[in-house]
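Notes for the structure review
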Amino acid sequence: MSQPTDVTHRSVSSPAGRIHLVEQGTGPLVLLVHGFPESWYSWRHQLPVLAAAGYRAVAMDVRGYGRSSKPASVAAYRMLDLVEDNVAVVRALGEETAVIVGHDWGATIAASSALVRPEVFRAVGLLSVPYAPPGGPRPSEVFAHMGGDEEFYVSYFQEPERAEAEIEPDVRGWLAGFYAAFSADTMPAAPDPHFVSRGGQLRDRFPAGRLPAWLSADDLDVYAGEFERTGMTGALNRYRNMDRDWADLAAFHGAPITQPSLFVGGALDASTTWLSDAIRAYPTTLPGLVSSHLLDGCGHWIQQERREEVNEILTGWLASLPA
């Protein structure tokens, strides 16, 4: 599909400098936060549906992505800074509170926003990545021990300039492979694309030659065009702050999110299978959980792979929230 034309683009001031956002509709504010490697465009199927349901739907470019500011310092991409960007967006839009919904890294950003600033974020929806309270071992130490003779993709992304050297010579081709690797209809049975062979590249395990059904060539052009313009470093810097986040959020280690919440995951997504213990812990960690859904036959890019089903779940959940 081509870029939607019945939306409003604007930039607002934030601690990052500026945050670009796309807005549609009027009513209670719903802030939509994307993951890696995407942009506001990953919510293109949700914006008109939420607007038609009576909400002010706002999809933002996270700092480092798209038309939002891209600070130079790696440390500028720590979680607490992203939380404050979200607060700044709510305030810039003239609102005191918002519902926040995130996918992939955006789910973790949304959960952290609800945890750290509950007076602003009155409800939280999480897509694909379950909530697990901060704490536990230092993340870099956990990732370093995953995969045995292979390297976990997060460790691969954490080394400055390494993933950029793989991706940036062929952004469009790399993105096509990455999206396909974690989509239900194109994901490979083996070897696991979450891991890198020693001396290899992540793309060595991507499926080739076929786009997933949810991704048109025009959609891919939109994503690739943004990253060809901005480079990949701002997006990858999120992975390079996980130990900082672990330290910054020490006061919240083990803390539940008590606001009304929603979880929607794909049954074929490693985020839900590897973190199944986190989902089982929801009665303790998400005591305000309204509903939890695992979509059969669905991969990682959930609001694009299964847009109608996700839209129905989102609008039903939003309608259930206190005014």
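Residues numbered from 1 in each chain as written. Predicted model: local features only at pLDDT ≥ 70, side-chain atom pairs only at ≥ 80, totals over all residues. Heavy atoms only, no water.

Description of the nonpolar core
With 102 residues, the main nonpolar core has Phe36 and Phe157 as its most contacted residues. It is helix H3 (residues 105-116) that contributes the most residues to this core, 8 residues altogether. Filtering out sequence-adjacent residues up to four positions away, phenylalanine 157 remains in contact with Phe36, Ala163, Trp174, Phe178, Leu202, Leu236, Tyr239 and Arg240. (Core = buried A, V, L, I, M, F, W, Y, C linked by side-chain atoms within 4.5 Å. Buried < 20%, exposed > 50% of the residue type's maximum accessible area, 1.4 Å probe, protein only. Helix = DSSP H or I, 4+ residues; strand = E, 2+ residues; numbered from the N terminus. Contact = heavy atoms within 4.5 Å.)

Some remarks on the pattern of salt bridges
Counting across every chain of the model gives 20 salt bridges. With its nearest N and O atoms 2.7 Å apart, the salt bridge here joins aspartate 221 to arginine 172. In this pair, aspartate 221 is assigned in helix H8 (residues 217-230) and arginine 172 in helix H7 (residues 171-181), connecting sequence segments 49 residues apart. A relative accessible area of 38% means that aspartate 221 is categorised as partly exposed. (Salt bridge = Lys/Arg side-chain N within 4 Å of Asp/Glu carboxyl O.)

Considering the pairing of strand E1 (residues 8-14)
Here E1 runs beside strand E2 (residues 17-24); their pairing, made up of 7 bridges, is antiparallel. Residue pairing in the sheet places arginine 10 in a bridge with leucine 21 of E2. Linkage of E1 to E2, two consecutive antiparallel strands, is achieved through a turn of 2 residues. (Pairing = 2+ DSSP bridges.)

Remarks on the packing of aromatic side chains
Scanning all chains against the criterion turns up 26 aromatic pairs. Seen in terms of ring centroids, phenylalanine 152 and phenylalanine 195 are 5.4 Å apart; in terms of plane orientation they differ by 45°. Their pairing is tilted. A residue pair is termed long-range when its members are at least 10 positions apart, and phenylalanine 152 in strand E7 (residues 151-152) and phenylalanine 195 in strand E8 (residues 195-196) qualify at 43 residues. Across the pair, exposure class does not vary: phenylalanine 152 and phenylalanine 195 are buried alike. (Phe/Tyr/Trp six-rings, centres within 6.5 Å; stacked < 30°, edge-to-face > 60°.)

As for the confidence of the model for the chain
Scored by pLDDT, the chain has a mean of 96; 99% of the residues are at 70 or more. Between the elements of the chain, mean pLDDT differs from a low of 91, seen in helix H4 (residues 139-144), to a high of 99, seen in strand E3 (residues 29-33). (pLDDT = per-residue confidence, 0-100.)

A few points about unusual backbone geometry
Proline 37 follows phenylalanine 36 through a cis peptide bond whose omega is -10°. Looking at where proline 37 falls in the secondary structure, it is placed in the loop between E3 and helix H1 (47-52). In this model, serine 128 sits at a positive phi of 80°, which is unusual for a non-glycine residue. The topology assignment puts serine 128 in the loop between strand E6 (121-127) and H4.

Regarding the packing of H7 against H8
Remark: H7 packs on H8, axes separated minimally by 9 Å, with the N-to-C direction vectors making an angle of 125°. The orientation of H7 with respect to H8, classified from their angle, is oblique. In this structure, H7 meets H8 at a crossing whose hand is right-handed. Within the contact between the two elements, H7 uses Val171, Arg172, Leu175, Ala176 and Tyr179 and H8 uses Ala217, Leu220, Asp221, Tyr223, Ala224, Phe227 and Glu228. Taken together, the residues of the contact of H7 with H8 sort by class into 9 nonpolar, no polar and 3 charged. (Axes fitted to C-alpha atoms, helices over the stretch in contact; angles between N-to-C directions. Parallel < 35°, antiparallel > 145°, perpendicular 65-115°, else oblique. Left-handed = near helix turned anticlockwise from the far one by under 90°. Nonpolar A, V, L, I, M, F, W, Y, C, P; charged D, E, K, R; others polar.)

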